[in-house]
Amino acid sequence: MFGASIILLLGAVGVGAITYERAYEDRIFPGVRIGSIPVGELTKADATTRVQKVIDAYLSNGISYALDGNTITMNPLVSAQDPDIAYEMIDVDIAAHVDAAFAVGRRPGLAAAWTERVRGAVRDEQIVPIQATIDAERLEHALTENLRSKLTTMELPALVANTADGTVRWTIREGRAGRVLDRDAIRRATELRIASLDPAAIPMTTTLREPPFTAAAVEAVLPAIDRALARAPLTITHDTHRWAATRETLATWMTLDDRAQPTLNPDAIAEFLAPIARTIESPAENARLTIDPQTKRVREFRSARVGTRIDREATVAGLHAAVFGTAPPLIPLPIVEAAPTVALGDTNDLGIRELLGVGKTSFKGSPVNRRHNIGIGTSLLNGLLIAPGEDFSTVGALTPFDGSNGYRPELVIKGRKTIPEF
């Protein structure tokens, strides 16, 4: 009897467990929360709606930050006139959180799964923490822009070239420590605020950033810089063109890296290359195929065209090797292709992938009416779409040869006479 009772009890428990599991087959188990938001017993769709509403309401008020008595509220979504450059500094993946809540009580292993189910049903303590994705770099930049009066930018000691009288003289500018925001601390504090949906302002911390080297370190590399200037003039070449970079020009390119080692300033070189680029670069052109929806004719056709541009990074590397290395002071200008972003095949679903051919002829010296008629004929042919397998007749496309198509009579030879005729 006792054994039979045990079997009945286990059977009842098993049936109850199956019934319970089926009852929540498409719902989150009881007692589950996403942060402080209860989602137990909801479907994934209903939980998504509830959590989205709460998170949107929280983030719509912005996240507040405080420094030295100043409070700044940042909108998590940074909008712009161009929607392509709008971006989110702070984002919460609602779908991922709801998926995590639905997974509670559905872990692999019967014991682990039921432990979570019972804990949620009895203690209401199964919590999926709210985790935000934060673009810490953009957040720091935005906060810094709003706190310019409270922060200072760290400045490296620098070399300033004076070439006014045709010689190169150096002035060393002292560096300056900067007061900057502690990016990692702000990110961590922001994550904690969002996890608890706490609207209180986040106190910001700052750090003092010292220059990594001193003016004395700059003075120590002056001999190396003078040796580099002795490599001038440098000559940049392309086809038959030559452009010289004199000692004075080279001096204006000189700068220091964060280890106080001399290097070249890419921005200064880009300024030197700007007029060169205008003469030799050509932009890529995207393909364009427009079909008039009324006439079903091609209204505009343009094949894609590959452009050319100067590889500025490779140019700087070549100049650096010539100035500080053993490369010859003759630098071929590296040119790369600039590919169009839209190919002809992307503009249509008609199988048109390329321009197959081009023919040209001259009708110079033709009389007025003949030139007019050629114009009419080309306009009747231009833009016609010919389906695969379709017979095409030039005469059929150009007829009727009369005034209804806009043609004009022109002199023709008939027998022994020259008479006007269509």
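Residues numbered from 1 in each chain as written. Predicted model: local features only at pLDDT ≥ 70, side-chain atom pairs only at ≥ 80, totals over all residues. Heavy atoms only, no water.

Further remarks concern a nonpolar patch on the surface. On the surface, Leu381, Leu384, Ile386 and Phe392 cluster together to form a nonpolar patch covering roughly 320 Å² of accessible area. As for its position among the elements, Phe392 is in the loop between α12 (368–381) and α13 (394–398). (Patch = residues over 30% accessible without salt bridge, like charges linked within 9 Å, V, L, I, M, F, W, Y side chains within 5 Å. Areas by Shrake-Rupley, 256 points an atom, 1.4 Å probe, with all protein chains shown as cover. Salt bridge = Lys/Arg side-chain N within 4 Å of Asp/Glu carboxyl O. Helix = DSSP H or I, 4+ residues; strand = E, 2+ residues; numbered from the N terminus.)

With that settled, the discussion passes to helix α3 (residues 94–103). Within α3, burial applies to Ile94, His97, Val98, Ala101 and Phe102. All buried residues of α3 lie within an arc of 140° about the axis, which places them on one face of the element. Where the residues of α3 are buried, they touch β1 (32–34), α2 (44–60), β7 (90–92) and β8 (126–128). Here α3 starts with a cap whose side-chain oxygen sits 3.4 Å from the backbone nitrogen of Ala95, and that cap is Asp93. (Buried < 20%, exposed > 50% of the residue type's maximum accessible area, 1.4 Å probe, protein only. Arc of directions from axis to C-beta. Contact = heavy atoms within 4.5 Å. Polar contact = N/O pair within 3.5 Å; in protein donor to acceptor, adjacent residues only side chain to side chain.)

Any two packed helices are characterised by how steeply their axes cross, that is the angle between the axes, and by the distance between the axes. Their axes nearest at 10 Å, the elements helix α5 (residues 136–146) and helix α6 (residues 183–196) cross at an angle of 105°. With respect to each other, α5 and α6 are oriented roughly perpendicular. Residues Ala136, Glu137, Leu139, Glu140 and Leu143 of α5 form the contact with α6, whose own contacting residues are Arg183, Ile186, Arg187 and Thr190. Considering only residue class, the contact of α5 with α6 consists of four nonpolar, one polar and four charged. (Axes fitted to C-alpha atoms, helices over the stretch in contact; angles between N-to-C directions. Parallel < 35°, antiparallel > 145°, perpendicular 65-115°, else oblique. Nonpolar A, V, L, I, M, F, W, Y, C, P; charged D, E, K, R; others polar.)

That is the geometry; function is a separate question.
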